[in-house]
Amino acid sequence: MTLNLDEAKITAEVLTTALPYIQRFVDKLIVVKYGGNAMTDPALESSFARDIVLLKTVGMHPVVVHGGGPQVDNLLKELGRQSDRIDGMRVTDKSTMDIVEMVLGGSVNKSIVSLINKHGGRAIGLTGKDANLILAKKLMMEKIGADGIAVPVDLGFVGDVVSVNKDVINMLIASDFIPVIAPLGVDEEGNTYNINADLVAGKVAEFLQAEKLMLLTNIKGVLGRDGEVVTGLTPKTVDSLIEDGTISGGMIPKIQCALDAVRSGVKSAVIVDGRVPHATLLEIFTNEGVGTLISRDLDLLSN
Ligand SMILES: Nc1ncnc2c1ncn2[C@@H]1O[C@H](COP(=O)(O)OP(=O)(O)O)[C@@H](O)[C@H]1O
Ligand SMILES: CC(=O)N[C@@H](CCC(=O)OP(=O)(O)O)C(=O)O
């Protein structure tokens, strides 16, 4: 086969353009949350897996936390069941919990692991129950009633993260594995909890003091009142956008966990469109990035 010099030159140029970004992120921990809505198309799934393998190959430490809400919905539907959501959280009774565990800890986790491994990575799948990776407690939620008084809402087996056993993740990273984490947690009595995957990703990033938290979803970023992508968000702006309903549903826990992560020491958090091929690489290997950025500096300024 003869060398196509023009093509080879382009490849060399692309590689040298990537050099400063590789230097910036080498040895750094990047937590990537892969939302169930971004797992819609086999070509996109492959491009996600290749991006993760590429980050690892050039010396970064990606940790994947995945969702799978729509995949849980699909199985519930097949079984003739459904579940309610309150502010983006699935109300989870005991039998729904069993289905959630089957889907998130089983089929979804293993298909991401297989895909990364197929592209040459060394992914290892685990749920928050393995080695007590994610210690959880029941999530307490309140809703303001029509009379303005807060009333507790019981979401069943929905959990909040108490702590993340970072030694387990660090040990896997040190052995060159790519951890792929399903958002389930366990409490001290051994009860299993269904935890919003954004929340788990944020806490994993926080406990590991990650360089970046990347939340891949099915929208261009956080949309403001006129439908434009907003960036450089502060807690105050977020609160007012939630209050007037501009930010709703699944975007509420997403933006809140991004804010919490940067407040707790993660350098930056981004909400990016996982429907764009190579969204992960575009975010790491460009100055501008894509989507909505929430950075520590901006956050500190607003406090
Ligand atoms: N202001 C907003 N900006 C962007 N998305 C929003 C906003 N308010 C609500 N959403 C909804 O939040 C969804 C993303 O949350 P979710 O469905 O939980 O995603 P994922 O499954 O990726 O975690 C978007 O698809 C959109 O429908
Ligand atoms: C409590 C709660 O809502 N848990 C989520 C966990 C999965 C998830 O978060 O998936 P996505 O990221 O794809 O939305 C659920 O049961 O759907």
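Worth saying up front: this structure is predicted, and the values here are computed from it rather than measured. (Residues numbered from 1 in each chain as written. Chains lettered and ligands numbered in written order. Predicted model: local features only at pLDDT ≥ 70, side-chain atom pairs only at ≥ 80, totals over all residues. Heavy atoms only, no water.)

### Quick word on the sheet that holds strand 13 (residues 212–217)
Thought 1: A sheet is described by the order of its strands in space; here 7 strands give the open sequence 5-10-2-1-13-16-17, paired in mixed fashion. The open sheet has two free edges, formed respectively by strand 5 (123–127) and strand 17 (292–295), since each of these has just one partner strand. Strand after strand, the sheet turns through a mean of 20° between neighbouring axes, direction not considered.
Thought 2: The pairing of strand 13 with strand 16 (residues 268–273) spans 6 bridges and is classified as parallel. Opposite Leu213, over in strand 16, you have Ala269 as the bridge partner.
Thought 3: Sitting on the sheet, helix 8 (residues 251–263) touches strand 1 (29–34), strand 13, strand 16 and strand 17, and the angle it makes with strand 13 is about 170°. (Pairing = 2+ DSSP bridges. Helix = DSSP H or I, 4+ residues; strand = E, 2+ residues; numbered from the N terminus. Axes fitted to C-alpha atoms, helices over the stretch in contact; angles between N-to-C directions. Contact = heavy atoms within 4.5 Å.)

### Topic: the nonpolar core
Thought 1: Val31, Ile169, Ile181, Val204, Leu213 and Ile294 are the most contacted members of the largest nonpolar core, which has 50 residues in total.
Thought 2: With 8 residues, helix 8 is the single largest residue contributor to this core.
Thought 3: Look past the residues within four positions of Val31 in its chain and what remains in contact with it is Val63, Val65, Ala201, Val204, Ala205, Ala210, Lys212, Leu213 and Met214. (Core = buried A, V, L, I, M, F, W, Y, C linked by side-chain atoms within 4.5 Å. Buried < 20%, exposed > 50% of the residue type's maximum accessible area, 1.4 Å probe, protein only.)

### Quick word on the site of ligand 1
Thought 1: Ligand 1 sits among 17 residues. The nearest are Thr217, Asn218, Leu223, Thr246 and Lys254.
Thought 2: Within the side chain of Lys33, an N or O atom sits 2.9 Å from an oxygen atom of ligand 1.
Thought 3: Thr217 is positioned such that a nitrogen or oxygen atom in its side chain is 2.7 Å from an oxygen atom of ligand 1.
Thought 4: Within the complex, 78% of the 570 Å² of free accessible area of ligand 1 lies under protein.
Thought 5: Of the pockets mapped on this structure, ligand 1 occupies the largest pocket.
Thought 6: Residue assignment for the shell around ligand 1 shows that the elements contributing at least two residues are strand 13, strand 14 (222–223) and helix 8. (Near = heavy atom within 4 Å. Polar contact = N/O pair within 3.5 Å; in protein donor to acceptor, adjacent residues only side chain to side chain. Areas by Shrake-Rupley, 256 points an atom, 1.4 Å probe, with all protein chains shown as cover. 1 Å grid on protein atoms, 1.4 Å probe; cavity = no way out; pocket = protein on both sides within 12 Å on 5 of 7 lines; lining within 4 Å. Sits in = over half its atoms within 2 Å of the grid points.)

### Points about empty space enclosed by the protein
Thought 1: Across all of its chains, the model carries 1 cavity of 30 Å³ or more by this definition.
Thought 2: Tyr34, Ala38, Leu44, Ser47, Phe48, Leu216, Gly274, Val276, His278, Ala279 and Thr280 are the residues that line the largest cavity.
Thought 3: Among the elements of the structure, helix 2 (42–57) and helix 9 (279–284) are those that each provide at least two residues to the lining of the largest cavity.
Thought 4: Counting residues per element, the lining of the largest cavity draws most heavily on helix 2, which supplies 3 residues.
Thought 5: Counted by class, the lining of the largest cavity contains 7 nonpolar, 4 polar and no charged residues. (Points joined across faces, edges and corners; volume = space filled by probe spheres on them. Nonpolar A, V, L, I, M, F, W, Y, C, P; charged D, E, K, R; others polar.)

### Some thoughts on the UniProt feature "binding site: substrate" (unreviewed entry) in the protein chain
Thought 1: The residues that UniProt annotates with the feature "binding site: substrate" (unreviewed entry) are Gly68, Gly69, Arg90 and Asn194. In terms of the greatest pairwise C-alpha distance, the residues named above, spread along 127 residues, form a tight cluster of at most 11.8 Å across. Cross-referencing the annotated residues with the largest pocket identifies Gly68, Gly69, Arg90 and Asn194 as lining it.
Thought 2: Ignoring any residue separated from it by four or fewer positions in sequence, one finds Gly69 in contact with Arg85 and Arg90.
Thought 3: Its place among the elements puts Asn194 in strand 12 (residues 192–194).
Thought 4: Exposure remark for Asn194: the relative accessible area of 9% places this residue in the buried category.
Thought 5: With near-sequence residues (within four places) excluded, Asn194 lies in contact with Arg90, Thr92, Met97, Val100, Leu104, Phe157, Val158, Gly159, Pro183 and Leu184.
Thought 6: There is a polar contact of 3.1 Å between the side chain of Asn194 and the side chain of Thr92. (UniProt positions renumbered as here; feature names shortened; annotations may be inferred.)

### Re the packing of helix 7 (residues 235–243) against helix 8
Thought 1: Two numbers describe how helix 7 lies on helix 8: the axes approach to 11 Å, and their chain directions differ by 165°. In terms of their interaxial angle, helix 7 and helix 8 are classed as roughly antiparallel. Judged by the sense of rotation from one axis to the other, the crossing of helix 7 with helix 8 is left-handed. Residues Pro235, Val238 and Ile242 of helix 7 form the contact with helix 8, whose own contacting residues are Ile252, Ile255, Gln256, Leu259 and Arg263.
Thought 2: For the contact of helix 7 with helix 8, the per-class residue count stands at 6 nonpolar, 1 polar and 1 charged. (Parallel < 35°, antiparallel > 145°, perpendicular 65-115°, else oblique. Left-handed = near helix turned anticlockwise from the far one by under 90°.)

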